[in-house]
Amino acid sequence: MSRALATTSTLSQQALPAGLDPARLPAHVAVIMDGNGRWASRRGLPRVMGHREGVEALKRTLRLCSDWGIGALTAYAFSTENWNRPGEEVSFLMALFERVLARELEALEREQVRIRFLGDLEPLPSGLRALIANATTRTAGNSGIHFNVCTNYGGRAELVHAARRLAEQAARGELDPASIDETQFAAQLHTAGERDPDLLIRTSGELRISNFLLWQLAYAELHITDVLWPDFDERALVSALLDYQNRQRRFGGVEPSLPPSAHQP
Ligand code: FPP
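Residues numbered from 1 in each chain as written. Predicted model: local features only at pLDDT ≥ 70, side-chain atom pairs only at ≥ 80, totals over all residues. Heavy atoms only, no water.

1. Brief notes about the pairing of strand β4 (residues 146-153)
Phase 1 of the analysis: Of all 8 residues in β4, 7 are buried; the element is thus mostly enclosed.
Phase 2 of the analysis: Pairing of strand β2 (residues 72-79) with β4, which is carried by 7 bridges, proceeds in the parallel orientation. Looking at β4, one finds that Ala72 is bridged to His146.
Phase 3 of the analysis: Bridge count for strand β3 (residues 114-118) against β4 is 5 bridges, and the pairing is parallel. Residue pairing for β4: Arg114 is matched across the bridge by His146. (Buried < 20%, exposed > 50% of the residue type's maximum accessible area, 1.4 Å probe, protein only. Helix = DSSP H or I, 4+ residues; strand = E, 2+ residues; numbered from the N terminus. Pairing = 2+ DSSP bridges.)

See below:
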């Protein structure tokens, strides 16, 4: 990320493009970064080159969201199902996460980014876990954008984990099952403390949620683009934001309204 994030301190901030209403930007954007493999295959390159280029697209997106005052960016980097990929690709991805984190931590700190890794981190290589722990601690007090990297993340696993935690509390007599409500449930999710995403962007044209943020996306606006993730750039982000600003959010009512407060911190 050195090229992209580090340069933000030397380049002026990117102004919000004309046509976007600064008062109606999503506070939290989530992205399913799909199409890395196809991007590489179309160029006759090994699939992993698509992931390498995907990191550049993620850095661009993070910088733009940060510059434009979007409060949180949550990216789906590695799903619980991604372990089923060829061993070499999984190893490449783990090594890539390590390299990116080690290389970018200084820039993240300087840019006031608060990074967190959401998911079951136990099965990750120990070197990566150590880097994650260090980056999380060192950026925890930062005042800028919340950057959540979903790693070994699965929406169903997250819901089961939350249910188990509440059941354990009830079994210990610390919680009355009848008192469990949406706020208490949301507090057991990996995303606890983060507001729900307002906008989900999925690249490469697939019309699926793919086990991503199943609870948190309940009222998100969906933007699906044919752009492959490594090609996702300012123009593609602006197009997603314009699409978002053209929606009427009603949250189950009949009039435009604010999100239900139960899921918000
Ligand atoms: C999906 O494309 C992409 C991934 C599984 C990996 C995305 C990971 C990154 C961009 C790195 C992020 C790193 C850090 C440390 C923040 P695909 O392989 O499913 O593409 P395909 O559908 O064309 O095969």
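2. Here's the deal with the site of the ligand
Phase 1 of the analysis: The environment of the ligand is made up of 17 residues, and the closest members are Asp34, Gly37, Arg38, Arg47 and Arg85.
Phase 2 of the analysis: For the ligand, whose free accessible area comes to 640 Å², the fraction covered by protein is 92%.
Phase 3 of the analysis: Most atoms of the ligand, that is more than half of them, are within 2 Å of grid points of the largest pocket.
Phase 4 of the analysis: Among the elements of the structure, α2 (36-42), α3 (47-67) and α4 (87-110) are those that each provide at least two residues to the shell around the ligand.
Phase 5 of the analysis: Of the residues forming the shell around the ligand, the biggest block, 5 residues, is contributed by α3.
Phase 6 of the analysis: Residues that form the shell around the ligand fall into these classes: 7 nonpolar, 6 polar and 4 charged. (Near = heavy atom within 4 Å. Areas by Shrake-Rupley, 256 points an atom, 1.4 Å probe, with all protein chains shown as cover. 1 Å grid on protein atoms, 1.4 Å probe; cavity = no way out; pocket = protein on both sides within 12 Å on 5 of 7 lines; lining within 4 Å. Sits in = over half its atoms within 2 Å of the grid points. Nonpolar A, V, L, I, M, F, W, Y, C, P; charged D, E, K, R; others polar.)

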